[in-house]
Amino acid sequence: MTDVSWREHAWRWAACGAASAAAYLAWKVRHLQEDVAAAARLCEAERKGRTKAEKKLVAAAAAALPVAPIGTASSPFYDLNGTPRQPGLVPSSVSTIRLHPTVNSVMLKALEDYSHVYVLWWFHKNTNVGKGFDAMKGLVSPPRAGGAKVGVFACRTPHRPNPIGLSLVEVRHVDAQRGVLKVAALDVVDGTPVLDIKPYIPHVEAVPRARCPAWVSARDGEGDTPSFSVCFTDAAADDVDHYNDMRTGWSDLRRFLVDTLRTDFRSARQKALPHFHGSLRLQRLQVDYTIDTPAQRITVHAVGPRAAVGEGDINPEAVVPDQMTNGPTTK
């Protein structure tokens with residue numbers, strides 16, 4: 001073989017090898033492109049499927065709205081009668097919110113940096129729960145409205161389509177390790193389920209120029225009667241001194257009783273009586289008092305241990321249902 005023929009064969013073999021390599025590379029690129037396109041189609045299908053699943057989940061959650069209590073409030077007020085109708089009316093009352101064991105107590109961390117928080121809670125003694133929205137009355141007569149009727153959403157009646165309460169309270173103590181929060185001026189009965197806790201942000205939420213109806217802002221009315229004086233008989237004063245001890249949970253029992261009784265939580269029928277004898281049941285104590293309406297005077301006659309929990313009473317240590325939709329319907 002001559003040198004020329006050898007070179008020609010070499011060039012031919014090189015050209016064939018280059019063509020084969022180019023063809024292989026083109027085939028490889030085409031298959032890689034097909035793989036990328038297939039992966040993209042798979043990702044798109046997965047995204048669409050995930051989106052559909054998420055939409056179904058959101059729709060199901062919106063339909064069911066599973067709301068469970070995060071904890072329970074331990075309040076000085078054992079009965080509905082005597083429990084303040086608004087937060088802040090009895091600033092000397094201190095309540096303890098204990099998170100349920102299923103709730104991570106670290107959620108309370110840094111809450112002590114706020115002076116006030118909102119507490120969302122459930123009217124667990126509301127008799128309207130489970131009736132259905134169409135069976136509820138749309139108009140109610142608030143105690144302070146003087147017989148006028150307003151819409152349910154224009155007042156704070158507990159008889160609501162969704163019986164959720166909202167209270168702005170003062171933070172007294174936070175224990176993030178034990179899951180305990182102490183607050184002042186909470187207007188709930190002992191054993192109330194707590195749904196949520198949110199910090200109050202003054203510069204965002206304070207509305208100095210906010211307005212409300214005259215019957216709401218009136219100072220002398222239901223739930224706010226500063227004109228009443230509260231006095232104690234000698235025996236009652238001795239009782240207060242006896243129970244006014246940190247070991248019994250009362251650091252200033254006299255002030256608490258004055259703040260509570262001055263709210264005059266009597267019904268409209270009871271307020272029409274010139275003289276009234278009542279009994280205020282607290283978490284561990286019972287207070288017997290009389291009201292002289294013409295004299296605008298409340299007299300405390302005795303303070304003693306409350307009777308044991310009897311049949312028909314709500315035990316504050318009772319377990320709160322996990323699912324609020326299946327919660328108690330008694331009042």
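Report on the accompanying structure. Per-chain numbering applies: the sequence of each chain, read as written, is numbered from 1 onward. Under the rules for a predicted model, residues below a pLDDT of 70 receive no local features and side-chain atom pairs below 80 are neither given nor counted, while totals for whole chains, interfaces and linings still include all residues. Side-chain figures throughout are based on the complete set of non-hydrogen atoms in the structure, without hydrogens or water.

**Some remarks on the environment of Leu166**
Elements are defined by DSSP. Helices are runs of H or I of four residues or more, strands are runs of E of two residues or more, and each kind is numbered from the N terminus. Considering the arrangement of structural elements, one finds Leu166 in strand S6 (residues 164-175). Each residue gets one of three labels from its accessible area relative to the maximum for its type: buried under 20%, exposed over 50%, partly exposed in between, using a 1.4 Å probe on protein chains only. Relative accessible area serves as the criterion here: at 49%, Leu166 is assigned to the partly exposed category. Leu166 sits 80 residues away from Gln86 along the chain, and the two C-alpha atoms are 9.4 Å apart. In contact with Leu166, not counting residues within four places along its chain, are Tyr118, Val119, Leu120 and Trp121. Here, two residues are considered to be in contact whenever any of their heavy atoms come within 4.5 Å of each other.

**Observations concerning the packing of helix H4 (residues 234-243) against helix H5 (residues 253-261)**
For every element, the axis is a line fit to its C-alpha atoms; helices are fit only across the contacting stretch, and the angle between N-to-C directions ranges from 0 to 180 degrees. Their axes nearest at 9 Å, the elements H4 and H5 cross at an angle of 120°. In this view, H4 runs oblique relative to H5, as classed from their interaxial angle. Only Leu253, Arg254 and Leu257 of H5 make contact with H4, whose side of the interface consists of Ala237, Val240 and Tyr243. Each residue belonging to the contact of H4 with H5 can be placed in one class, and the counts come to 5 nonpolar, no polar and 1 charged. Roughly parallel means an angle under 35 degrees; roughly antiparallel means over 145; roughly perpendicular covers 65 to 115; every other angle is labelled oblique. When residue character is reported, Ala, Val, Leu, Ile, Met, Phe, Trp, Tyr, Cys and Pro are called nonpolar, Asp, Glu, Lys and Arg charged, and the others, Gly included, polar.

**Looking at the pattern of salt bridges**
If charged atoms from side chains of opposite charge come close, those side chains can pair. By salt bridge we mean one thing: a side-chain nitrogen of Lys or Arg within 4 Å of a carboxyl oxygen of Asp or Glu. Counted according to the given criterion, the structure contains 8 salt bridges. For the salt bridge of Lys271 with Asp264, the shortest nitrogen-to-oxygen distance reads 3.9 Å. We classify Asp264 as buried; its relative accessible area is 3%. Ionic pairing is found between Asp292 and Arg297, a salt bridge with its closest N-O pair at 3.5 Å. By relative accessible area, which is 35% here, Arg297 ends up partly exposed.

Taken by themselves, the reported measurements are silent on function.
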